[in-house]
Amino acid sequence: MDIGVAGVGRIGQMHAAHLTELDGDAAPDKILLFDPVPGRAEAVAAALPSHVTAVASFDDLLAADGVLVATPTDTHSDLVRRAVRGRTPVLCEKPLAGDLESMTTLVDDIESSGVDVVVGFQRRFDPATVEAYRRVRSGEAGQVYLVRSSVLDHVPPPKEYIPTSGGLFKDCMIHDLDAVPWLVGEEVVEVSASGSVLVDQAFADAGDVDYAVVTLRFASGAHAQMTAGRHDPIGYDCKLEVYGSKQVLAVGWNERTPVVRLEPQQVEPTRPWESFMDRYKDAYLNELRVFADVIEGKVANPSPARESLYSLRLAEACDESLRTGKPVRLEAG
Ligand SMILES: NC(=O)c1ccc[n+]([C@@H]2O[C@H](COP(=O)([O-])OP(=O)(O)OC[C@H]3O[C@@H](n4cnc5c(N)ncnc54)[C@H](O)[C@@H]3O)[C@@H](O)[C@H]2O)c1
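Presented here is an overview of the structure given in this document. Everything numeric here is computed off the predicted structure, so don't read it as measured data.

**Let's talk about helix α4 (residues 76-85)**
Okay, so step 1: Here α4 has its buried residues at H76, S77, L79, V80, A83 and V84.
Okay, so step 2: Packing partners of the buried residues in α4 comprise α3 (58-61), β4 (66-69), β5 (90-93), α5 (100-113) and β6 (117-120).
Okay, so step 3: Once α4 ends, the next one or two residues include R87, with phi positive near 65°.

**As for the sheet that holds strand β10 (residues 223-229)**
Okay, so step 1: The seven strands lie next to each other as β12-β11-β7-β10-β9-β8-β13, forming an open sheet whose pairing is mixed. Both outer strands of the open sheet, β12 (248-251) and β13 (328-329), are each paired with one neighbouring strand and no more.
Okay, so step 2: Note that strand β8 (residues 188-196) and strand β9 (residues 211-218) share eight bridges and pair antiparallel. Pairing of S196 across the sheet is with Y211, part of β9.
Okay, so step 3: Packed onto the sheet, helix α6 (residues 127-137) meets β7 (144-152), β11 (237-244) and β12 and runs at close to 160° relative to β12.
Okay, so step 4: Running over the sheet, helix α7 (residues 168-184) touches β7, β8, β9, β10 and β11 and is turned about 25° from β9.

**Details of the packing of α5 against helix α11 (residues 305-324)**
Okay, so step 1: For the pair α5 and α11, the least separation of the axes is 10 Å and the interaxial angle reads 175°. Classed by the angle they form, the pair α5 and α11 counts as roughly antiparallel. Here α5 contributes L100, M103, T104, V107, D108, I110 and E111 to the contact with α11, which in turn contributes A305, R306, S308, L309, L312, R313 and E316.
Okay, so step 2: Across the contact of α5 with α11, the residue classes break down as seven nonpolar, two polar and five charged.

Quick notes on the rules
- Going along each chain's sequence as written, the residues are numbered from 1 onward.
- Since the coordinates come from a predicted model, pLDDT governs what is reported: local features require at least 70, and pairs of side-chain atoms require 80 or more to be given and counted, while whole-chain, interface and lining totals use all residues.
- Side-chain numbers come from the whole structure's heavy atoms, not from hydrogens or water.
- Each residue is assigned to one of three classes by its accessible area relative to the maximum for its type, calculated with a 1.4 Å probe on protein chains only: buried under 20%, partly exposed between the two thresholds, exposed over 50%.
- Helix numbering and strand numbering both begin at the N terminus, where a helix is a DSSP run of H or I of at least 4 residues and a strand a DSSP run of E of at least 2.
- By the convention used here, residues are in contact when the closest approach between their heavy atoms is within 4.5 Å.
- When DSSP finds two or more bridges between two strands, those strands count as paired.
- Note on geometry: axes are lines fitted to C-alpha atoms, helical ones only across the stretch in contact, with angles between N-to-C directions running from 0 to 180 degrees.
- Oblique is the label for any angle not covered by the other classes, which are roughly parallel (under 35 degrees), roughly antiparallel (over 145) and roughly perpendicular (65 to 115).
- Note on residue categories: nonpolar means Ala, Val, Leu, Ile, Met, Phe, Trp, Tyr, Cys or Pro, charged means Asp, Glu, Lys or Arg, and polar means any other residue, Gly included.

Distances and angles like these do not, on their own, reveal function.
Below you can see the structure in the form of structure tokens.
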């Protein structure tokens, strides 16, 4: 199987390297890279094994069995449309598009093409998160009372990235806005958000916040309490807890969790996670394995384009609640 990678910036380079680490049926025979910055794809390929090569255009990637789109968000719609028109399955980085209107038309186009587009929400491929999903959705954990999630960057993103990010909810919390309703399996009926600038004035200059708390209320009355922040002094922290009537589950807690545990005596984390790449390495590798299985028709797409609309709808509700200072009620559907 041959896989193409469009965009070899921060996350595209990571995916290209991970593709060379796969084994068995998922290991690609050839990995093709394209990036419009002259020399960038060639330089990335040169640092990887010889079955990784640079190509001259995005269209050259469409001869592969699948294409991974790891380009800036505002290019996703065009590239995903070109890929599905060429009947090439896609693994697209999140979010599929930056606003609900353009994402909705893109999702309609994807569905009418019948070509699989997997959205790169890596929580859906993270072994511990998938186990939490299984326990909740099978009823093993009982009725869900409360979910808590937190995502904290170790260091804030580069200053030039901040105005282009789409804001804390669409850029960062969107992963949990996807994963938590997916895991709970219920409609969200109300969203409340509050946020501040505590880390860096650059976020205020961009009209953004750098620390925020969101409450989701589900149809059953269960709540999710969600935090996103741009600075954690110890490391990259991403945790999820589910409080159920039969089980209480925790994801993201081990010796690498960047917290100092004070009981019964102070325990410092060993090698705290540095970044999302470090924390979710297994999830990113699984995402690539599952993409290979989706291409071969062995499994159903676990992160379909249509479902990713919901997280963007919630992120937009968070933006509205933050702006107005009021909870936002969501209509069903
Ligand atoms: N899943 C995650 O955890 C996660 C983490 C970071 C970023 N992302 C997403 O990944 C995407 C890329 O983010 P990044 O931080 O790697 O950005 P980046 O700017 O570091 O890299 C993007 C690359 O795409 C290239 N590019 C631009 N237009 C292109 C085109 N038309 N065809 C091919 N290549 C093109 C650029 O030259 C650059 O090398 C964004 O949508 C972002 O939201 C996801």
